[in-house]
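# Descriptive analysis of the structure
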Amino acid sequence: MSRHSKNNTALGFFTYAERQKLNYGTQKLRLGRESLRDFDACFLCLQKARSPVICPKGHLMCKECIYESILTQKKEIARQTKLYELQQDEIKNEKIKKDQMAKDILIKQFEKTQNSYLEVKPLKAHTDMKESEIKDIPASEREKKIALDIAEKQANKSNSNMNCFWIPDLTPENNPEQIKKVELHPQCYAGEKSHKINIKKLIPVNFSIAKESLTSTGRKEVIYNCPCCVRTFTNGTRLIVLKNCGHVFCYDCKKKFLLKSQKCMLCEKKNKEKDMIELEREGTGFSSTTRVAEAKRAGIAFQ
Ligand SMILES: [Zn+2]
Ligand SMILES: [Zn+2]
Ligand SMILES: [Zn+2]
Ligand SMILES: [Zn+2]
């Protein structure tokens, strides 16, 4: 078999083709244009955004999509909060129950010592605490603490004695998970890290349309450009959205004109430097224009 044979597996090392087939070890893949979101596509539905809006960090989405997302998140938050509150109530009730049990035990012990001359087993015989540990607790608290211990033991005992597979509360495996307090704010998940989002802070985007045409399949195709230098927008152009009017310019026009005038060149609305938001984009597939053009899967080949 020649060295350049396609399925040469007799070599002492792995060929590129073999490594690809094995699917382990660190693998890199250059993402093409098709794998990346268009600059004017909504990050939620991945279609060309309809009535586009951006969040204050420059993530573009359809108005409808983000409203729906926020509403769903709010519903989920409400549900989680309710569950959390219910659990907190349950924990509280359990504590009250245990305290009551401890009180009962104390009273019983007291009655026993009062009504009988027979020696009653001291309370501490019922607990696992060491002599020294008991001594550390102040005298006034001592009896109560020991009684609480016993109550807890009894509660556990009664539970373990009453294993039942038919009643959900008594199944041995029924160990409800603690619900953590949830993040109480809808999030925008477009970036690498999610951030808080608010309907009031969404900024409507007004692209300038350069050309509108119908494709052979009957789909409307819209091409956007910069109203200042008339450059057609692609994934490769850095875009700036003005916060106060939503007009979109290219980065070069921002540097040359917008920063100096601090005004929108279309509608003359005042926009300071902090009101110029760069639109987040995923790039063109060339690594020089984007940071996400490469998918990497790290792994150890041999162990
Ligand atoms: Zn959408
Ligand atoms: Zn965002
Ligand atoms: Zn421009
Ligand atoms: Zn404007």
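Residues numbered from 1 in each chain as written. Chains lettered and ligands numbered in written order. Predicted model: local features only at pLDDT ≥ 70, side-chain atom pairs only at ≥ 80, totals over all residues. Heavy atoms only, no water.

### Some words on the coordination of the zinc ion (ligand 1)
For the zinc ion (ligand 1), the protein coordination sphere consists of Cys42 (SG), Cys45 (SG), Cys62 (SG) and Cys65 (SG), at 2.2 to 2.4 Å. When the donors of the zinc ion (ligand 1) are listed by position in the chain, the intervening gaps give C-x2-C-x16-C-x2-C. (Donors = N, O, S within 2.8 Å, 3.2 Å for Na, K, Ca; no water.)

### Focus on the coordination of the zinc ion (ligand 2)
The zinc ion (ligand 2) binds to the protein through Cys55 (SG), His59 (ND1), Cys188 (SG) and His195 (NE2); the donor distances cover 2.0 to 2.3 Å. Its 4 donor atoms give the zinc ion (ligand 2) angles of 99 to 126 degrees at the centre, a pattern that matches the tetrahedral case. Mapping the donors of the zinc ion (ligand 2) onto the primary sequence gives the spacing C-x3-H-x128-C-x6-H. Taken together, the residues span a long stretch of sequence, with Cys55 in the loop between β2 (52-54) and β3 (60-62) and Cys188 in strand β4 (residues 187-188) at a distance of 133 residues. Using a relative accessible area of 1% as the deciding quantity, one classes Cys188 as buried. (Tetrahedral: all angles 85-135°; square planar, octahedral: opposite > 155°, others 65-115°. Helix = DSSP H or I, 4+ residues; strand = E, 2+ residues; numbered from the N terminus. Buried < 20%, exposed > 50% of the residue type's maximum accessible area, 1.4 Å probe, protein only.)

### Describing the pairing of strand β7 (residues 208-214)
One ladder, built from 6 bridges, connects β7 with strand β8 (residues 220-225); its direction is antiparallel. Bridge pairing links Ile209 to Tyr224 in β8. The hairpin turn running from β7 into β8, its antiparallel successor, is 5 residues long, and Gly218 in that turn takes a positive phi close to 90 degrees. (Pairing = 2+ DSSP bridges.)

### Digging into the packing of aromatic side chains
Tallied over the entire structure, the rule returns 3 aromatic pairs. Ring centres of Phe39 and Phe207 lie 6.2 Å apart, and the angle between their planes is 80 degrees; this geometry places the pair in the edge-to-face category. Residue Phe39 is found in the loop between β1 (27-30) and β2, and its partner Phe207 is found in the loop between β6 (203-204) and β7; the two are separated by 168 residues along the sequence. The exposure classification of Phe39 matches that of Phe207, with both residues buried. Ring geometry for Phe207 versus Tyr224: centroids 4.3 Å apart, planes at 15 degrees, classification stacked. Here Phe207 is found in the loop between β6 and β7, whereas its partner Tyr224 is found in strand β8, with 17 residues between them in sequence. Judged by its relative accessible area of 13%, Phe207 falls in the buried class. For Tyr224, a relative accessible area of 11% translates into the label buried. Cluster of aromatic residues (ring-pair linked, three or more members): Phe39, Phe207, Tyr224 and Phe233. Residue placement shows Arg238 over the ring face of Tyr251; its charged tip is 3.8 Å from the ring centre. (Phe/Tyr/Trp six-rings, centres within 6.5 Å; stacked < 30°, edge-to-face > 60°. Lys NZ or Arg CZ within 6 Å of the ring centre and 35° of its normal.)

### Details of the environment of Asn23
By the secondary structure assignment, Asn23 is in the loop between α1 (16-22) and β1. In this structure Asn23 comes out as partly exposed when scored by relative accessible area, which is 45%. For the pair Asn23 and Gly299, spaced 276 residues apart in the sequence, the C-alpha separation amounts to 9.8 Å.

### Topic: helix α5 (residues 251-261)
All buried positions along α5 are accounted for by Cys253, Lys254 and Leu258. Projected onto a plane normal to the axis of α5, the buried residues spread over an arc of 95 degrees and lie on a single side. Pointing more than 90 degrees away from the buried face of α5 are the exposed residues Lys255, Lys256 and Lys260. In this fold, the buried residues of α5 make contact with β9 (239-242), β10 (248-250) and β11 (276-278). Positive backbone phi, at 55 degrees, marks Gln262, one or two positions downstream of α5. (Arc of directions from axis to C-beta. Contact = heavy atoms within 4.5 Å.)

### Topic: the sheet that holds β9
If you trace the 3 strands from one edge of the open sheet to the other, you get β10-β9-β11, paired in antiparallel fashion. Only two strands of the sheet have a single neighbouring strand rather than two, namely β10 and β11. Between one strand and the next, the sheet's axes are offset by a mean angle of 35 degrees, whatever the strand orientation. Each of β9, β10 and β11 is contacted by α5, which is oriented at about 100 degrees to β10, the strand it contacts most. (Axes fitted to C-alpha atoms, helices over the stretch in contact; angles between N-to-C directions.)

### As for the nonpolar core
Core analysis: the largest hydrophobic core is formed by 37 residues, its most contacted members being Ile54, Met61, Ile197, Phe207 and Phe233. Every element with two or more residues in this core is listed here: β2, β3, α2 (63-115), β8, β9, β10, α5 and β11. In this structure, this core is formed jointly by two domains, domain 1 (45-198) and domain 2 (206-290), each of which donates at least three residues. Setting aside anything within four residues of it in sequence, one finds Met61 in contact with Cys42, Phe43, Ala49, Ser51, Pro52, Val53, Ile54, Cys55, Ile66, Ile197 and Leu202. Counting 6 residues, the second largest nonpolar core, distinct from the first, contains Ala102, Ile105, Ile150 and Ala151. (Core = buried A, V, L, I, M, F, W, Y, C linked by side-chain atoms within 4.5 Å. Domains from an automatic or database assignment.)

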